[in-house]
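# Fold and contact review
One-letter residues, chain by chain:
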Amino acid sequence: MKITIVGTGYVGLVTGACFSEVGHDVLCVDNNEQKIQMLRNNRMPIYEPGLEDVVARNVAAGRLHFSTSLIEGTDFAEVIFIAVGTPPGTTGEADLSYVEQVVREVAEHMDSYRLLVEKSTVPVNTAEQIKRTVLRYSRKDVAFDVASNPEFLREGTAIEDALKPDRVVVGVESERAAQLLKAIYEPIITRGGGVFVEMSIASAELTKHASNSFLAMKISYINAVSRICELAGADVEQVAHGMGLDRRIGRQFLKAGVGYGGSCFPKDVDAFVHLADHLGYDFDLLKDVRLINEAQRDHVMQKIRQELWVIQDKTIAILGLAFKPCTDDVREAASLYFVPRLREAGARLKLWDPVATDNFKKLFPELSYFTSIEECVREADLALILTEWSQVAELGAGRFRELMRCPVVVDGRNIFDPNEMRANGFAYHSVGRA
Ligand SMILES: NC(=O)c1ccc[n+]([C@@H]2O[C@H](COP(=O)([O-])OP(=O)(O)OC[C@H]3O[C@@H](n4cnc5c(N)ncnc54)[C@H](O)[C@@H]3O)[C@@H](O)[C@H]2O)c1
């Protein structure tokens, strides 16, 4: 089938590449010319394991194309997925201006039936606004449908998630839209074994916000428990293990640390709180999830202050700038909280990340970046671990001690074993392990 994807970011590019991988003919459109130029030159605008191979293979097979023209995108296919950003607005609500712009342009140029699919994360009832916009801006009296198809992929494992999803949720209100989406996902469901779930559009839209907020809640829950563990002399890793063995609870997302970040959880929790408020429900539970997340970072900052006493002129090695391993995405990453605060306190910062350095440099070009962890921690007074990159654990405690000026580690991801670190002479602080 022919498919147009508008927005060639983490979601749009991965979705487009994976649709072409299962045999569809896909045109990815983005208004960022530099991005499209890179893709046409076989260069990836983002780091995502396995993406480059899938893109190269399908471009070579003639199934994956790139364009900056939404007019071309509108003409290309009957089904148009909208995968542009929905960043947080000033009061936490989702900024839907990119979505609206795309819908308007498609409406102005479509001259036969089109199915507009919301792939971007949007608040419930956005489809109603999309329909109104199409009716207002279309120049010809053509039939159309709007559907919701929220995306659940995780950066770092996006290709696998897109090709083998647990579930594909689609919100539809016409048989035609349902059949088109079924046909698109049929090869993925057949190969990957996920479940294709059809529901109302509003329910599908809400499923995305409800899912992400639930996962954020799980993280804040275990972070709250980690604080009690510290006060009570327990170990949050052991508690999480004990809890996670219960299948009703599950082990995933019970990982205490410096809190959640990334381009989705913070903004989706904000948007859900805002949306609930707008609908007349005060979502106190999620407000607390947010507060716990913020407090967790402050708490780790406090550990640094306590350990160093004076931060001024101390050399601090920051290990990990991405919001999680296997991605170069630094949006809402813990590093964006710690770096400005530590700089303000007068620390000399040395930064390391295997893939996110370029993105971080765009925000802080004047800082010192290292491609080798060893060089980064050399002569440091403290090492602060913010992303659980495997390279950090692989370096080994002994090597840290040899290289650092003082063997002090604040581990925001509980990578090391506290007993081993202390046996090796470290002042070692982690999360929720007394
Ligand atoms: N990143 C994730 O892990 C993830 C997972 C699930 C859902 N989502 C949701 O998917 C959506 C996209 O997220 P992302 O991380 O891929 O964003 P992104 O910022 O990486 O990509 C968005 C792309 O849209 C393009 N764009 C903006 N306006 C456009 C226009 N008018 N015409 C053409 N292109 C335009 C931008 O240039 C950009 O390349 C968001 O709503 C997000 O919440 C993201």
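What you see is a predicted model; the values in this text were computed from it and never measured. (Residues numbered from 1 in each chain as written. Predicted model: local features only at pLDDT ≥ 70, side-chain atom pairs only at ≥ 80, totals over all residues. Heavy atoms only, no water.)

## A word on the overall build of the protein
Put simply, the rule reads: The helix count covers DSSP runs of H or I at least four residues long, the strand count covers runs of E at least two residues long, and both are numbered beginning at the N terminus. What the globule rule says is 2.2 Å times the number of residues to the power 0.38, and the radius of gyration is computed from C-alpha atoms. When accessible area is computed with a 1.4 Å probe and restricted to protein chains, residues below 20% of their type maximum are described as buried, those above 50% as exposed, and intermediate ones as partly exposed. Any two residues whose heavy atoms approach within 4.5 Å are treated as being in contact. To be clear on the numbers: accessible area is Shrake-Rupley with a 1.4 Å probe, and residue cover counts the displayed protein chains and nothing else. The charge count includes Lys and Arg as positive and Asp and Glu as negative, but it does not include His or the ends of the chains. Where a charge sits is defined by one atom per residue type, namely NZ (Lys), CZ (Arg), CG (Asp) or CD (Glu).
Broken down by element type, the protein carries 18 helices and 14 strands. Relative to the globule expectation of 22 Å for 434 residues, the C-alpha radius of gyration of the protein, 23 Å, shows essentially globular dimensions. Going through the 434 residues of the protein one by one, you find that 54% of them count as buried. A fraction of 73% describes how many contacts in the protein between residues 6 or more apart in sequence connect residues 24 or more apart. A total accessible area of about 19,000 Å² is found for the protein, and carbon and sulfur atoms account for 50% of it. Within the protein, the 61 negative side-chain charges are centred at a point lying 2 Å from the centre of the 49 positive side-chain charges.

## Looking at the domain arrangement of the protein
Cut-off, in case you're wondering: For the domains described, the bounds stem from an automatic or database domain assignment. Two parts placed together each lose some accessible area under a 1.4 Å probe, and the buried area is that loss summed for both. Each reported salt bridge corresponds to a side-chain nitrogen of Lys or Arg within 4 Å of a carboxyl oxygen of Asp or Glu.
Annotation of the protein at the domain level lists domain 1 (2-199) and domain 2 (265-429). Contacts between domain 1 and domain 2 engage 17 residues on the former and 17 residues on the latter. Of the roughly 1,300 Å² buried where domain 1 meets domain 2, counting both sides, 58% is carbon and sulfur surface. On the domain 1 side of the contact with domain 2, Tyr10, Tyr47 and Glu155 bury the most area, a combined 40% of that side's loss. The interface formed by domain 1 and domain 2 contains one salt bridge.

## Digging into the pattern of salt bridges
Summed over all chains, the structure comprises 27 salt bridges. Residue Glu128 is joined to Lys131 by a salt bridge in which the shortest nitrogen-to-oxygen separation is 3.1 Å. Here Glu128 and its partner Lys131 are both found in helix α6 (residues 126-137), three residues apart, which amounts to about one turn of the helix. With relative accessibility at 41%, the residue Glu128 sits in the partly exposed group. For the salt bridge of Arg378 with Glu375, the shortest nitrogen-to-oxygen distance reads 3.0 Å. By relative accessible area, Arg378 is classed as partly exposed at 35%. Put simply, Glu128, Lys131 and Glu173 are held in one network by salt bridges that share partners.

## Comments concerning the packing of aromatic side chains
So the rule is basically this: For this analysis, a ring pair means two rings from Phe, Tyr or Trp (six-membered ring only for Trp) whose centres lie within 6.5 Å, classed as stacked if their planes differ by under 30 degrees, edge-to-face if by over 60, and tilted for the remaining angles. A positively charged side chain is recorded as over a ring if its NZ (Lys) or CZ (Arg) lies within 6 Å of the ring centre. The angle to the ring normal must also be within 35 degrees.
Under the defined criterion, the tally for this structure stands at 10 aromatic pairs. An aromatic cluster is present here, built from Phe19, Phe81, Tyr185 and Phe196 joined pairwise through their rings. Here Arg341 stacks its cationic end above the ring of Tyr337, 3.8 Å away from the centre of that ring.

## Brief notes about the site of the ligand
The criterion, for reference: Definition of nearness: a residue and a molecule or strand are near each other if at least one heavy atom of the residue lies within 4 Å of the molecule or strand. Polar contact is defined as a pair of N or O atoms within 3.5 Å, subject to the rule that within protein one atom must be able to donate a hydrogen and the other to accept it, and that residues adjacent in sequence are counted only when both atoms are side-chain atoms.
Near the ligand lie 27 residues; those nearest to it are Asp30, Lys35, Thr86, Glu155 and Lys267. Interatomic distance of 2.9 Å between a backbone N/O atom of Thr121 and an oxygen atom of the ligand. Between Glu155 and the ligand, the recorded distance is 2.8 Å, taken from a side-chain N or O atom to a nitrogen atom. Alone, the ligand offers 840 Å² of accessible surface; in the complex the protein occludes 90% of this. Those elements giving two or more residues to the shell around the ligand turn out to be α1 (10-21) and α5 (97-109). When residues in the shell around the ligand are grouped by element, the largest group, three residues, is from α5.

## Description of the packing of helix α9 (residues 201-232) against helix α12 (residues 284-308)
Applied cut-off: To obtain an axis, a line is fitted to C-alpha atoms, over the contacting stretch when the element is a helix, and the angle between two such axes runs from 0 to 180 degrees between their N-to-C directions. Throughout, the term roughly parallel applies to angles under 35 degrees, roughly antiparallel to angles over 145, roughly perpendicular to angles from 65 to 115, and oblique to all others. Here a crossing is taken to be left-handed if its near helix is turned anticlockwise relative to the far helix by less than a right angle, and right-handed if that turn runs clockwise. As a working rule, the residues Ala, Val, Leu, Ile, Met, Phe, Trp, Tyr, Cys and Pro are called nonpolar, Asp, Glu, Lys and Arg charged, and the rest polar, with Gly in that last group.
Close contact between α9 and α12 brings their axes to 9 Å; oriented N to C, the two are set at 45 degrees. Taken together, the axes of α9 and α12 are oblique relative to one another. The interaxial crossing formed by α9 with α12 has left-handed handedness. The residues of α12 that touch α9, namely those facing Ser213, Ala216, Met217, Ser220, Asn223, Ala224, Ser226, Arg227 and Glu230, are Leu285, Leu286, Val289, Ile292, Asn293, Ala295, Gln296, His299 and Lys303. Looking at the contact of α9 with α12, its residues break down into eight nonpolar, seven polar and three charged.

## A closer look at the pairing of strand β1 (residues 2-6)
Quick reminder of the rule: Following DSSP output, two strands are said to pair if at least two bridges run between them. Crossover handedness is defined by viewing with both strands directed away from the observer: a clockwise path from the first strand over the helix to the second marks the crossover as right-handed.
In terms of burial, β1 is largely enclosed, as four of its five residues are buried. In this structure, β1 lies alongside strand β2 (residues 25-29), joined through five bridges in parallel fashion. Following the sheet pairing, Ile5 is matched in β2 by Cys28. Between the parallel elements β1 and β2, the chain passes through α1 in a crossover that is right-handed. Relative to strand β4 (residues 79-82), β1 runs parallel, the two being bridged by four bridges. Looking at β4, one finds that Ile3 is bridged to Val79.

## As for helix α8 (residues 175-192)
Applied cut-off: How far a helix is expected to stretch is found by multiplying one less than its residue total by 1.5 Å. Given a residue, its bend is the angle between the two axes fitted to the seven residues that end at it and to the seven that start from it.
For α8, which comprises 18 residues, the first-to-last C-alpha distance of 24 Å matches the rise-based estimate of 26 Å (1.5 Å per residue) to within 8%. The principal kink in α8, of about 45 degrees, is found at Tyr185, preceding the proline Pro187 by one to four residues. All of the buried residues in α8 are Ala177, Ala178, Leu180, Leu181, Ile184, Tyr185, Pro187 and Ile188. One or two steps after α8, the chain reaches Gly193, where phi turns positive at roughly 80 degrees.

## Overview of the pairing of strand β12 (residues 382-385)
By the alternation rule, side chains of β12 split into Leu382 and Leu384 and Ala383 and Ile385, which are all buried. Sheet analysis places strand β9 (residues 315-319) next to β12, joined by four bridges and oriented parallel. Considered in β12, the bridge of Ile318 is made with Leu384. Taken together, the three bridges between β12 and strand β13 (residues 408-411) define a ladder with parallel strand orientation. From the neighbouring strand, Leu384 faces β13, where its bridge partner is Val410.

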